[in-house]
Amino acid sequence: MTEPVFIISTGRSGSTAVSNCIHLHPKLVSLSELILSVHYNFGISGEGWKEFDKQTWTGSEFWRLLAQKEPVRLAPYEKKGLYNKEVLYERTEHTLFNEKTGLPAIASITLPHLTDEPDKLYQELEGIVPAFPEGSLPEQYQRLFKWLQQRFDGDTSVERSGFSTDAVEYLIDMFPNAKYVFLYRNPREIAVAFNRFQTMKMGKAILKAMEEKGADPSDPSTEAEKLGSYRWLHPDYFELEQLHQIDMPYQELGSWISKSLLHAGRVIEDLPETQQHWLRYEDLLKKPEKELRRLISFINPPSASQEANEQWIKAGAKLINPKPETWPELPEDKRTALEKSVQPALRYLGYE
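Residues numbered from 1 in each chain as written. Predicted model: local features only at pLDDT ≥ 70, side-chain atom pairs only at ≥ 80, totals over all residues. Heavy atoms only, no water.

The secondary structure content of the protein chain amounts to 17 helices and nine strands. Its C-alpha atoms give the protein chain a radius of gyration of 21 Å, near enough to 20 Å, the size a compact globule of 352 residues would have. Along the first, second and third principal axes, the C-alpha atoms of the protein chain reach 60 × 50 × 35 Å. Residue burial in the protein chain is summarised as follows: out of 352 residues, 53% are buried. In the protein chain, 75% of the contacts between residues at least 6 apart in sequence involve partners at least 24 apart. Surface summary for the protein chain: the accessible area is close to 16,800 Å², and the carbon and sulfur share equals 48%. Here the protein chain contributes 42 positively and 52 negatively charged side chains, and the mean placements of these two sets differ by 3 Å. (Helix = DSSP H or I, 4+ residues; strand = E, 2+ residues; numbered from the N terminus. Rg over C-alpha atoms; globule rule 2.2 N^0.38 Å. Buried < 20%, exposed > 50% of the residue type's maximum accessible area, 1.4 Å probe, protein only. Contact = heavy atoms within 4.5 Å. Areas by Shrake-Rupley, 256 points an atom, 1.4 Å probe, with all protein chains shown as cover. Lys, Arg positive; Asp, Glu negative; His and termini not counted. Charge placed at Lys NZ, Arg CZ, Asp CG, Glu CD.)

This is the structure in structure tokens:
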């Protein structure tokens, strides 16, 4: 079986656009946010990446991992204007999942990215995956990748997840022969993008309220009076403008981004050259056809013709939209704090 490809990024680095390009290729199976949705815990415990250490999985256990349901916590806020474009699953009265049922990990982004009929694909997987023979987690993922490739007539699986810069060593340990694309962006611009990322800001605000008040403001049964200054986070009193006024501290944000980029880059640079490909987002914006040609040459789907690759390059380039940098517009104090905190990554990635 063809080894999988993993696109490694911090998030807010153009990975969604690259994922959408990958999806256009007839021989690539684009697995958007699969690893993140299944293995990352966004809860208050700060557990982070999980479930990589279990040695043996039955097919039923692996399916339970993939199909674990998370509460649709942001639904009441979305009705009041919160913009959450990351979740692709469109909940209606006719869909399998909604606010009452919770949303399975793979159904939130991965399956709707693959098909316009995510419920149908979910039910197909529900009938297939539990019958997988016992095996390690990498073996179970390889079986899943193989089945999806056959289902969509592809020959190479390409997975991308935000925050994967912090999990790259897990992936390399699981898939030592896979190919790894390091997608990176000016860390100053990543920080500004995260501070525009409503879903992340909302999550951070909820966690902070839980830590300080000992109550979950997103739970409708929580008494709003107990939340004090966080009352605006309660679904009944939510104020979008209040969320807009929140800035995650640039020094803290920049430090995390810098460390994450340095960590991933240094891990990936130790791989054989045939397994690593570095893709600078700004280069993709300036010369999309050139960078997509380099990318498909690296991925090298075995059954794709040169003609198919060239058609894909032209189609994919149309999805890449130039974006002006916005970090220079920050107030001087925030810009200074950000610049200082990301200096190590700026030097390492050649942005100075």
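Next up on the list: the side chain of Ser108. With respect to the helices and strands, the residue Ser108 is situated in helix α5 (residues 105–108). A polar side-chain atom of Ser108 sits 3.0 Å from the main-chain carbonyl oxygen of Ala105. What Ser108 contacts, discounting residues up to four positions off in sequence, is Ser37, Val87, Leu88, Tyr89 and Leu103. (Polar contact = N/O pair within 3.5 Å; in protein donor to acceptor, adjacent residues only side chain to side chain.)

Right, let's talk about empty space enclosed by the protein for a bit. Going through the model one piece at a time under the given rule, you end up with one cavity of 30 Å³ or more. As a volume, the largest cavity reaches approximately 60 Å³. Lining the largest cavity are Leu34, Leu66, Ile106, Thr110, Leu111, Leu125, Leu144 and Leu148. If you list the elements that add at least two residues to the lining of the largest cavity, you get α6 (110–114) and α8 (137–151). A class-by-class count of the residues in the lining of the largest cavity yields seven nonpolar, one polar and no charged. (1 Å grid on protein atoms, 1.4 Å probe; cavity = no way out; pocket = protein on both sides within 12 Å on 5 of 7 lines; lining within 4 Å. Points joined across faces, edges and corners; volume = space filled by probe spheres on them. Nonpolar A, V, L, I, M, F, W, Y, C, P; charged D, E, K, R; others polar.)

On to helix α10 (residues 187–194), then. Within α10, eight of the eight residues are buried, which leaves it mostly tucked inside the rest of the structure. At the N-terminal boundary of α10, the capping side chain belongs to Asn186, with an oxygen 2.9 Å from the backbone nitrogen of Arg188.

This next bit is on the pairing of strand β7 (residues 156–161). On a regular strand, each side chain points to the face opposite its neighbour's, so the side chains alternate between the two faces of the sheet. Where burial is concerned, most of β7 is hidden: six out of the six residues are buried. Neither face of β7 is left uncovered, since the one carrying Thr156, Val158 and Arg160 and the one carrying Ser157, Glu159 and Ser161 both have all their residues buried. Sheet topology places strand β1 (residues 5–8) next to β7; four bridges connect them, and they run parallel. In the sheet register, Phe6 faces β7, and the bridge partner there is Glu159. In this structure, strand β2 (residues 28–32) lies alongside β7, joined through five bridges in parallel fashion. Counterpart to Ser32 in the pairing with β7 is Arg160. (Pairing = 2+ DSSP bridges.)

One finds Leu125, Tyr141 and Leu144 to be the most contacted residues of the largest nonpolar core, which totals 70 residues. Once residues within four sequence positions are removed from consideration, Leu125 is found in contact with Trp63, Ile106, Leu111, Pro130, Leu144, Trp147 and Leu148. Residues Val18, Ile22, Leu284 and Leu292 belong to the second largest nonpolar core, which totals 22 residues. (Core = buried A, V, L, I, M, F, W, Y, C linked by side-chain atoms within 4.5 Å.)

Attention now goes to the packing of helix α3 (residues 59–66) against α8. With their axes 11 Å apart at the nearest point, α3 and α8 run at an angle of 75° to one another. By the criterion of interaxial angle, the relationship of α3 to α8 is roughly perpendicular. Contacts between α3 and α8 pair Gly59, Phe62, Leu65 and Leu66 from the former with Leu137, Gln140, Tyr141 and Leu144 from the latter. Residues that form the contact of α3 with α8 fall into these classes: six nonpolar, two polar and no charged. (Axes fitted to C-alpha atoms, helices over the stretch in contact; angles between N-to-C directions. Parallel < 35°, antiparallel > 145°, perpendicular 65-115°, else oblique.)

For helix α1 (residues 15–24), the set of buried residues is Ser15, Val18, Ser19, Cys21 and Ile22. End-on, the buried residues of α1 take up no more than an arc of 160°, which puts them together on one face. (Arc of directions from axis to C-beta.)

Taken together, five strands build an open sheet; the order of strands is β2-β7-β1-β8-β9 and the sheet is parallel. The open sheet has two edge strands with one neighbour each: β2 and β9 (276–280). Averaged over neighbouring strand pairs, the angle between their axes works out to 20° when direction is ignored. Both β1 and strand β8 (residues 179–184) contribute to a ladder of four bridges, which runs parallel.

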